[in-house]
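Results of the structural survey
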Amino acid sequence: MILLDKKTYNIMIAFVSSLPKIPETVEYCGADVGTAFCGIQTNEAGIYQLQHSLREAGGLDRIILVTSKDVTKLHSAEPWKRIFEKYGRSSMSAISFLKEQVKAKHPELAERFEESAFDEDAGMEGAMRYIAALGDVIQREQEAAEAAGLHDIVLHADMTGGFRHTSMMMLAIMQLSKYMGIRIGHVLYAGKDRNAPKGSIVFADDIHRMFDMIAGMDEFQKYGSVQALDEYFGDTRAYSEPFRSLLGAMRSFSDAIRICRTSIIEKELESLGEHIRVFRNQSGGPIQEELFRRIIRVLEREYGTVLGSGTREERRLNIIEWCLRKKFLQQAMTLCTEWIPQIIVDKRICYTEDIFAIRDCKKAAKKGLRSWQQEFIISYDPERKRKEKEKVPYGDALDMFRYILKYNRKDLLVELPDDLQRILHSFLQDHSRNLSIYTNKDILLEPISTNNAALRRAIDQLKKNAKQQNQTKGLLYPTIPNRVGQLSEKRVTEIFGLSAADIAHPTKTPAPQLTDEEQRAQKWAKREAIYRRMFSDSDRIMRSDLPLDAALDYLRSYFDIREERNQSNHAVVTADQESSKLEEDITAYIEKLHAYQRAVTP
């Protein structure tokens, strides 16, 4: 029965000990100062201690007793008969005696026992199967408690009884329970030295929790996560300032790498390295700090290449390699996308000495929130405007509508759906009809007469935009279609009174349907042509210390990484085999950049 006001469900597990040859009542000093518990069977003291320690939480809710063949055998030796007689028996097993002893002291526990038989002769495989079966028992208790509204399930372990590998089995059971979402509570041991007058009960909670600290360090080393360490240390006010600062630096780096904040990853790593050095060189503090200091060197070895040493190029390449080793593929691709262009330029694999190209890239980079080197490598093209005019937007009717206006491509009117054709044809026709009258007229200075509603709205919108920009002249009548074509989609639909249904139809000629591979190949072919033109033009906007094909090989590898990263950002699922191949390709590329760096560094 579960009390209605309970908040925690406490489970105890113990391997039952055999009865000694000669019964003896032993007094055990409790874990709390001034407490003592007496018992004949060695498991008694642990149960009494836990029932006392958990009294404010309602005590133990379930006691799982693991039994071997030996503890189920009946004992009837003369020294024990007199003790068994008080329970009305002449013989008893160790498990039966234990339960009777506990019930006599704590009647409330009478219905809370559950026996679980273990065959100690089953070997290691049998032990492993038993651990799994016992996990099922504990999980059933968990489910029953949760059904009653208790979601804080705590498992306590008595390490007193059992056989040679009991401790290892108990640790495995506790770890399995923890994985199931059960909290590990007290780990205790009741023992008595042969010649000592009293025994003692010891809580080994802190020793067991060392597993959590080591697991937390392993988690941070492997995955850059501090969740387990935060759970282990909890409130850190009792610890030294260098330790708290170190844990904070680890947490900041974990956040930066987890959400891929590329702008601060380097700074957080430098901070982490500095805090590790400060903490390592300090001494004293709580024992947990001393233990942490012992294993921090492992962290230094693992993070050594990324903690602020070497040149900026080396460190950035090392960080990308670290992400790949930790299977942070998305982070590695993002860092490649943002950092490698600068490395390519700095190494003179592909660079420019054209100050006007650099100025153009810097201006464009500000709008896109990226470096000028990214702009230069990814998208710079001195003939971009001419190329934009050549790219006809087949497929999308609204894009085609604006394209016709912007570039005066009346020949493409036939591509529009019939309704849009009529609307745009009427607009262009009315505009042309008055060209001879208004050829040199500035619509900001002189009134324009028209019966076309769309043309009137277009003039009003352009005048409104000019006023907002403090423009008072210089908006000639012949430029109206071009200027309207440069307006946003929203403004164009408002000017021409277009509905969502009007613009939902495709153009007469559909957009080319290409596979991902074909699109990538087409995209690279266009970019490669731009690279080759910039390398070979008389101005030599793009330069390299390498032969052209070698430089293009570096650029193609970067292009492929960036394309993969863009695909993953658009939720394109990549198979494990493809991911492994991608990791190998990126690793090989980073090693190639490392090798080139070593070749040119004096």
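Residues numbered from 1 in each chain as written. Predicted model: local features only at pLDDT ≥ 70, side-chain atom pairs only at ≥ 80, totals over all residues. Heavy atoms only, no water.

What to know about the packing of helix 6 (residues 166-179) against helix 7 (residues 205-223)
Two elements in contact, helix 6 and helix 7, have axes whose closest approach is 13 Å; the angle formed by their N-to-C orientations is 55°. Considering the angle they form, helix 6 stands oblique to helix 7. Viewed along their axes, helix 6 and helix 7 form a crossing whose handedness is right-handed. Here Leu 171, Met 174, Gln 175 and Lys 178 of helix 6 come into contact with helix 7, specifically with His 208, Phe 211 and Asp 212. (Axes fitted to C-alpha atoms, helices over the stretch in contact; angles between N-to-C directions. Helix = DSSP H or I, 4+ residues; strand = E, 2+ residues; numbered from the N terminus. Parallel < 35°, antiparallel > 145°, perpendicular 65-115°, else oblique. Left-handed = near helix turned anticlockwise from the far one by under 90°. Contact = heavy atoms within 4.5 Å.)

Details of the pattern of salt bridges
Following the criterion strictly, the structure yields 48 salt bridges and no others. Of the charged contacts in the structure, one is a salt bridge between Glu 270 and Arg 315, with a shortest N-O distance of 3.4 Å. Linking Glu 270 in helix 10 (residues 265-280) with Arg 315 in helix 12 (residues 312-325), this pair joins segments that are 45 residues apart in sequence. Put simply, Asp 460 and Arg 456 hold a salt bridge, and the shortest N to O gap is 3.6 Å. With Asp 460 and Arg 456 both in helix 20 (residues 453-468) and 4 residues apart, this pair spans about one turn of that helix. Look at Arg 456 and you get partly exposed, because its relative accessible area is 28%. Each of the salt bridges in this network shares a partner with another, and the network as a whole consists of Glu 266, Glu 270, Arg 312, Arg 315 and Arg 316. (Salt bridge = Lys/Arg side-chain N within 4 Å of Asp/Glu carboxyl O. Buried < 20%, exposed > 50% of the residue type's maximum accessible area, 1.4 Å probe, protein only.)

Focus on the sheet that holds strand 6 (residues 152-158)
The strand order across the open sheet built from 8 strands is 3-2-8-7-6-1-4-5, with neighbouring strands paired in mixed fashion. Single-partner strands in this sheet number two, and they are strand 3 (36-39) and strand 5 (113-117). Strand after strand, the sheet turns through a mean of 25° between neighbouring axes, direction not considered. The pairing of strand 1 (residues 8-15) with strand 4 (residues 62-67) spans 5 bridges and is parallel. The residue bridging Met 12 from the neighbouring strand is Ile 63, located in strand 4. Across the sheet, helix 5 (residues 123-147) touches strand 1, strand 4, strand 5 and strand 6, and the angle it forms with strand 4 is around 165°. (Pairing = 2+ DSSP bridges.)

A few points about the pairing of strand 8 (residues 199-203)
In this sheet, strand 8 lies alongside strand 2 (residues 26-29) in parallel orientation, the contact comprising 2 bridges. By the bridge assignment for strand 8, Cys 29 is matched with Ser 200. The pairing of strand 7 (residues 183-191) with strand 8 spans 4 bridges and is classified as antiparallel. Note that in strand 8 the partner of Gly 191 across the bridge is Ser 200.

Here's the deal with the layout of surface pockets
Approximately 1,200 Å³ is the volume found for the largest pocket. Contributing to the lining of the largest pocket are 30 residues, with Lys 391, Gln 522, Lys 523, Lys 526 and Arg 527 lying nearest its centre. Counting residues per element, the ones that place at least two in the lining of the largest pocket are helix 15 (372-378), helix 16 (384-390), helix 24 (516-536) and helix 25 (548-569). In terms of residue count, the dominant contributor to the lining of the largest pocket is helix 24 (11 residues). Partitioned by chemical class, the residues of the lining of the largest pocket number 13 nonpolar, 4 polar and 13 charged. Of all the elements in the fold, those that place two or more residues in the lining of the second largest pocket are strand 1, strand 6, helix 6, strand 7, helix 7 and helix 8 (227-233). (1 Å grid on protein atoms, 1.4 Å probe; cavity = no way out; pocket = protein on both sides within 12 Å on 5 of 7 lines; lining within 4 Å. Points joined across faces, edges and corners; volume = space filled by probe spheres on them. Nonpolar A, V, L, I, M, F, W, Y, C, P; charged D, E, K, R; others polar.)

Side note on the confidence of the model for the protein
On average, residues of the protein carry a pLDDT of 89, and 95% of them reach 70 or more. Taking the mean pLDDT of every element in the protein, the minimum, 62, falls on helix 16 and the maximum, 96, on helix 15. Taken together, the stretch residues 570-577 has pLDDT below 50 and engages in 2 contacts with residues farther than four places along the chain or on a different chain. Per-residue pLDDT stays below 50 along residues 598-602; that stretch engages in 0 contacts with residues further than four places along the chain or on separate chains. (pLDDT = per-residue confidence, 0-100.)

A word on helix 10
With 16 residues, helix 10 should reach 22 Å at 1.5 Å per residue; the first-to-last C-alpha distance of 22 Å fits that figure. Looking only at helix 10, the buried set comprises Ile 265, Glu 266, Glu 268, Leu 269, Leu 272, Gly 273, Ile 276 and Phe 279. Projection of helix 10 onto a plane perpendicular to its axis shows the buried side chains occupying an angular sector of 165°, all on one side. Tucked inside the fold, the buried residues of helix 10 contact helix 7, helix 9 (241-258), helix 11 (287-303), helix 12 and helix 13 (329-346). (Expected span 1.5 Å × (residues − 1). Arc of directions from axis to C-beta.)

Let's talk about the nonpolar core
The biggest cluster of nonpolar side chains holds 76 residues, and the ones touching the most others in it are Met 250, Leu 272, Phe 292, Tyr 303 and Phe 376. When residues of this core are assigned to their parent elements, the largest contribution, 10 residues, is made by helix 13. Phe 401, Leu 405, Ile 480 and Leu 498 belong to the second-largest nonpolar core, a separate cluster that totals 33 residues. (Core = buried A, V, L, I, M, F, W, Y, C linked by side-chain atoms within 4.5 Å.)

Remarks on the side chain of Thr 262
Secondary-structure assignment places Thr 262 in the loop between helix 9 and helix 10. Within the structure, the side chain of Thr 262 is placed 2.6 Å from the side chain of Glu 338, a separation counted as a polar contact. Filtering out sequence-adjacent residues up to four positions away, Thr 262 remains in contact with Thr 334, Leu 335, Glu 338 and Trp 339. (Polar contact = N/O pair within 3.5 Å; in protein donor to acceptor, adjacent residues only side chain to side chain.)

Some thoughts on the packing of aromatic side chains
The description of an aromatic ring pair uses the distance of the two centres, along with the angle that the planes make with each other. For the coordinates displayed, the defined rule picks out 29 aromatic pairs. An angle of 35° between the planes, with centres 6.2 Å apart, marks the rings of Phe 376 and Tyr 380 as tilted. The same class applies to Phe 376 and to Tyr 380, which are both buried. On the numbers, 4.9 Å between centres and 65° between planes, the contact of Phe 427 with Phe 496 is edge-to-face. With Phe 427 in helix 18 (residues 418-433) and Phe 496 in helix 22 (residues 489-496), this pair connects stretches of sequence that are 69 residues apart. Both residues of the pair, Phe 427 and Phe 496, count as buried. Positioned over the ring face of Tyr 554 is Lys 592, at 4.4 Å from the centre of the ring. (Phe/Tyr/Trp six-rings, centres within 6.5 Å; stacked < 30°, edge-to-face > 60°. Lys NZ or Arg CZ within 6 Å of the ring centre and 35° of its normal.)

Some thoughts on the pairing of strand 6
With 6 of its 7 residues buried, strand 6 lies for the most part within the structure. Where strand 1 lies against strand 6, 7 bridges are found, and the strand directions are parallel. Each bridged residue has a counterpart across the sheet, and for Ile 13 the counterpart in strand 6 is Ala 157. Sheet analysis places strand 6 next to strand 7, joined by 4 bridges and oriented parallel.

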